[in-house]
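Listed below, chain by chain, are the residues.
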Amino acid sequence: MPSSKALIFLVRQKSCRLSPRPIRRRRTSSRLQGHNIHFASFHFLFDVGCLIIFIFNMRFRFLGDVDCPDWLLAEIYSLSQMSASKIKSLGTLVVKSIIDGELDEEKFKKIAQDSKLEIDELQALTAAIRKIFISSSRNSVLAADLSDELQQLGLPREHSVIISRLHTDNCAQITAILTEKSLRLSRLVSAEVEPCNSSSPFAKLTIETSSVQDGEKLKTEINIPKDSLGGILTELKNIRSVMEQLKQ
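Our subject in this report is the structure included herewith. (Residues numbered from 1 in each chain as written. Predicted model: local features only at pLDDT ≥ 70, side-chain atom pairs only at ≥ 80, totals over all residues. Heavy atoms only, no water.)

**Things to note about the overall build of the chain**
Our working rule: Helix and strand labels come from DSSP, where a helix needs a run of H or I of at least four residues and a strand needs a run of E of at least two; each type is numbered from the N terminus. Buried residues are those whose accessible area, probed at 1.4 Å on protein chains only, stays under 20% of the maximum for their type, while exposed residues exceed 50% and partly exposed ones sit between those limits. To be clear on the numbers: accessible area is Shrake-Rupley with a 1.4 Å probe, and residue cover counts the displayed protein chains and nothing else.
When helices and strands are tallied, the chain shows nine helices and three strands. Going residue by residue from the N terminus, the α and β elements of the chain occur as α-α-α-α-α-α-α-α-β-β-β-α. Each of the 248 residues in the chain was classed as buried or not, and the buried ones make up 31%. Approximately 17100 Å² of the chain is accessible, and the part contributed by carbon and sulfur atoms is 54%.

Structural data, given as structure tokens:
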């Protein structure tokens, strides 16, 4: 179930159109007036229930035609409480971190201070905006569709337009980054063959890799028979030539 904050926000948005009309005072018994009030309240609760069911069954293109996760729905409510200028600053910072691979800590802390938010709260909002940009680029969503769907989730129109424009301006770069990282768990940083004792039948190969997810570096040591080094080198050269042909 979504968080109570997100549901309250969505229900309040709709309640202005669903709230029961005031009952005209007539010369009727108090018992009949009570029936009228209960009947109007029943209709109001029925409409709110339909709204909640509608939200739970919605599918969104920018998420790959699936339901919106509960945590994202809650963070969109929090984003709606920020000013449009802060949304633009945070969105620009998130886009830059996706493209460059690093988040500007000084600007991040300044936005947190100006918005009077705790660091962990702003980190959650950053994760939500990052999810929106990456999912929208991955699913090739148009700016108009993204704006409409964000508004359906409760984000104000001005905020939705700002995020949609940032998506349009940076979609090509984000897609290129995602393509480069697809089907890849780590990157090769370095590979060295360390000199070993001439009497040893093995050569020591040290490979350093960097994780695509968090950038953590890992060193792996492999002992390779010396008489196999020539064959391994030939195979690696063949693989490299095949990969270069595929890029063309």
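**Topic: the pattern of salt bridges**
So the rule is basically this: Here, a salt bridge means any Lys or Arg side-chain nitrogen found within 4 Å of an Asp or Glu carboxyl oxygen.
Under the defined criterion, the tally for this structure stands at five salt bridges. With a shortest N-O distance of 3.0 Å, Lys110 and Asp114 are connected by a salt bridge. Of this pair, Lys110 and Asp114 both sit in helix 5 (residues 105–115), separated by four residues, roughly a single helical turn. Residue class for Asp114 comes out partly exposed when judged on its relative accessible area of 40%.

**A short note on the pairing of strand 2 (residues 202–211)**
Our working rule: Only when DSSP finds a minimum of two bridges between them are two strands counted as paired.
Note: strand 1 (residues 186–194) against strand 2, eight bridges, orientation antiparallel. Within strand 2, the position partnered with Ser190 by the bridge is Glu208. Direction of pairing for strand 2 relative to strand 3 (residues 217–225): antiparallel, over a ladder of nine bridges. Counted as the bridge partner of Lys204 is Asn223 from strand 3.

**Focus on the nonpolar core**
Test applied: Put simply, buried Ala, Val, Leu, Ile, Met, Phe, Trp, Tyr and Cys residues joined by side-chain atoms within 4.5 Å make one nonpolar core.
If you look at the biggest cluster of nonpolar residues, it comprises 37 residues, and the most contacted ones within it are Phe62, Leu72, Leu79, Phe133 and Leu150. Within the residue set of this core, elements represented by two or more residues are helix 3 (70–80), helix 4 (84–100), helix 5, helix 6 (119–138), helix 7 (143–152) and helix 8 (157–181).

**Observations concerning the side chain of Ser80**
For clarity, the threshold we go by: As used in this structure description, the phrase polar contact means that two N or O atoms lie within 3.5 Å; if the pair is within protein, one of them must be able to donate a hydrogen and the other to accept it, and residues adjacent in sequence are counted only when both atoms belong to side chains.
Examined against the element boundaries, Ser80 turns out to sit in helix 3. Exposure remark for Ser80: the relative accessible area of 12% places this residue in the buried category. Within the structure, the side chain of Ser80 is placed 2.4 Å from the backbone oxygen of Tyr77, a separation counted as a polar contact. Within the structure, the side chain of Ser80 is placed 3.1 Å from the side chain of Gln81, a separation counted as a polar contact.

**Structural notes on a nonpolar patch on the surface**
Here is the rule we go by: Patch building starts from residues that exceed 30% relative accessible area and form no salt bridge, then joins like charges within 9 Å and nonpolar side chains (Val, Leu, Ile, Met, Phe, Trp, Tyr) within 5 Å.
Taken together, the side chains of Ile232, Leu236, Ile239 and Met243 make up a nonpolar region of the molecular surface, amounting to roughly 370 Å² of accessible area. Counting through the fold element by element, Met243 comes out in helix 9 (residues 229–247).

**Points about the environment of Val94**
The following threshold applies: Note on definitions: a residue-residue contact is assigned when non-hydrogen atoms from the two residues lie within 4.5 Å.
Residue position: Val94 is located in helix 4. Overall, the relative accessible area of 1% leaves Val94 in the buried class. In this structure the C-alpha to C-alpha distance between Val94 and Thr126, which are 32 residues apart in sequence, comes to 6.6 Å. Not counting chain neighbours up to four residues away, the residues in contact with Val94 comprise Thr126, Ile129, Arg130 and Phe133.

**Some remarks on the environment of Glu216**
As for its placement among the helices and strands, Glu216 is situated in the loop between strand 2 and strand 3. For Glu216, a relative accessible area of 53% puts it in the exposed group. As for Glu216 and Ser186, which are separated by 30 residues in sequence, their C-alpha atoms are 9.2 Å apart. Those residues within four positions of Glu216 in sequence are excluded, and the remaining contacts are Thr209, Ser210 and Ser211.

**Description of helix 7**
Those residues of helix 7 lying buried are Leu146, Ser147, Glu149 and Leu150. Its buried side turned inward, helix 7 meets helix 3, helix 6 and helix 8. Gly154 occupies a position one or two residues after helix 7 and carries a positive phi of about 105°.

**Concerning unusual backbone geometry**
At Asp65, a position not held by glycine, the phi torsion is positive, near 60°. Here Asp65 falls in the exposed class, since its relative accessible area comes to 54%. Even without glycine at this site, Ser140 takes up a positive phi of about 50°. You can call Ser140 exposed: its relative accessible area is 59%.

**Description of the sheet that holds strand 1**
We apply this condition: Note on method: axes are straight lines fitted to C-alpha atoms, helices fitted across the in-contact stretch only, with angles between N-to-C directions ranging 0 to 180 degrees.
Within the open sheet, the three strands sit side by side as 1-2-3. Their pairing is antiparallel. A single partner strand is all that each edge strand has here, and the edge strands are strand 1 and strand 3. Put simply, the sheet's adjacent strands are angled 20° from each other on average, direction ignored.

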